[in-house]
Amino acid sequence: MNRFVDRVVLITAGGRGIGRATALRFAGEGARVHVADSDPAALAEASAEAAQSGGSLATCVMDSTDEASIRAGVAAVLAGEGRIDILVNNAGGSLHTPYRFLDESDADWKRVFDLNLMGTVWACRAVLPAMVAQGGGRIVNLGSKAGQYASLIAGANYAAAKGAIASLTRQLAMEFGPAGITVNCVCPGVVLTERTSRLWAERRTPEERARVRDEIPLRRHASAEDIAGAVTFFASDDAAFVTGTALDVNGGQAMA
């Protein structure tokens, strides 16, 4: 498929995991993909992986916990491309802060909110004026099952931040719909990236992990590619009349 030929895509925290899988999926479907990440080594690895399949990714170092860094990264893409058609707010994580609510400090809450919620706010604030001026666009935010139903491995700060992402998504969808901009949210369950696998192993026993997996109707955890498929659907013309939606991608785990 070539659903994104000549579309300009910006993905935050796209060097590894879900972000990288999403970047490769967009690139494979013809998009001009810009991947931002705070880790130069991850960016180099993502670019090399794209090249192996005959594609390419443009990369830039961006700190999604810093508004000035986000503004600069977005400005650089706009200066080079003249537009951003699709923004994927992928930056997020629990930052290994404590799981138990009473163990979380104010600093733990601020760090997690700055990365997950404010990083999304800052990126949207930087990109939306250009999307309004160009007559439309797509924003896809990364929420989480944690924000919908709570989490088995990430704490209250992460769950609250991801819940706020879903609320922000609906508000922006309502406000910017008249400008031709859709805003949607993908809410994965556990995705066994390298980072999540370490946290899962630290905070749950092998028996607990097996029980949780077996309670998922599809009997497995998500892959990064599963989430990339949902993100690219929201960004595509197939979802042109879908906005303000938070899509659960958890193999039916919420039902269990």
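The structure we're discussing is the one just above.
Residues numbered from 1 in each chain as written. Predicted model: local features only at pLDDT ≥ 70, side-chain atom pairs only at ≥ 80, totals over all residues. Heavy atoms only, no water.

Undergrad: Explanation requested: the packing of helix H1 (residues 17-28) against helix H9 (residues 224-235) in the structure shown.
TA: To describe two helices that pack against each other, one gives the angle between their axes and the distance between the axes. It is the contact of H1 with H9, at a shortest axis distance of 8 Å, that shows an interaxial angle of 55°. Here H1 is positioned oblique relative to H9, judged by the angle of their axes. Here H1 runs over H9; the crossing is right-handed. On H9, the residues that touch Gly17, Ile18, Ala21, Thr22, Arg25 and Phe26 of H1 are Ala224, Glu225, Ile227, Ala228, Gly229, Val231, Thr232 and Ala235. Across the contact of H1 with H9, the residue classes break down as eight nonpolar, four polar and two charged. (Axes fitted to C-alpha atoms, helices over the stretch in contact; angles between N-to-C directions. Helix = DSSP H or I, 4+ residues; strand = E, 2+ residues; numbered from the N terminus. Parallel < 35°, antiparallel > 145°, perpendicular 65-115°, else oblique. Left-handed = near helix turned anticlockwise from the far one by under 90°. Contact = heavy atoms within 4.5 Å. Nonpolar A, V, L, I, M, F, W, Y, C, P; charged D, E, K, R; others polar.)

Undergrad: Would you mind going over the pattern of salt bridges with me for this structure?
TA: Here the idea is simple: oppositely charged side chains can pair when their charged atoms come close. Scanning the entire structure with this criterion turns up 19 salt bridges. Note that Arg32 is salt-bridged to Glu81, the shortest N-O span being 2.9 Å. Placement of Arg32 in strand S2 (residues 32-37) and of Glu81 in helix H3 (residues 67-81) is noted, with a sequence separation of 49 residues between them. Here Glu81 falls in the partly exposed class, since its relative accessible area comes to 23%. The residue Lys110 makes a salt bridge to Asp114 at a minimum N-O spacing of 2.6 Å. Of this pair, Lys110 and Asp114 both sit in helix H4 (residues 106-134), four residues apart, which is roughly one turn of the helix. What emerges from the salt-bridge pattern is a single network uniting Arg16, Arg20, Asp39, Glu45 and Glu49. (Salt bridge = Lys/Arg side-chain N within 4 Å of Asp/Glu carboxyl O. Buried < 20%, exposed > 50% of the residue type's maximum accessible area, 1.4 Å probe, protein only.)

Function-wise, these values are silent; they only describe arrangement.
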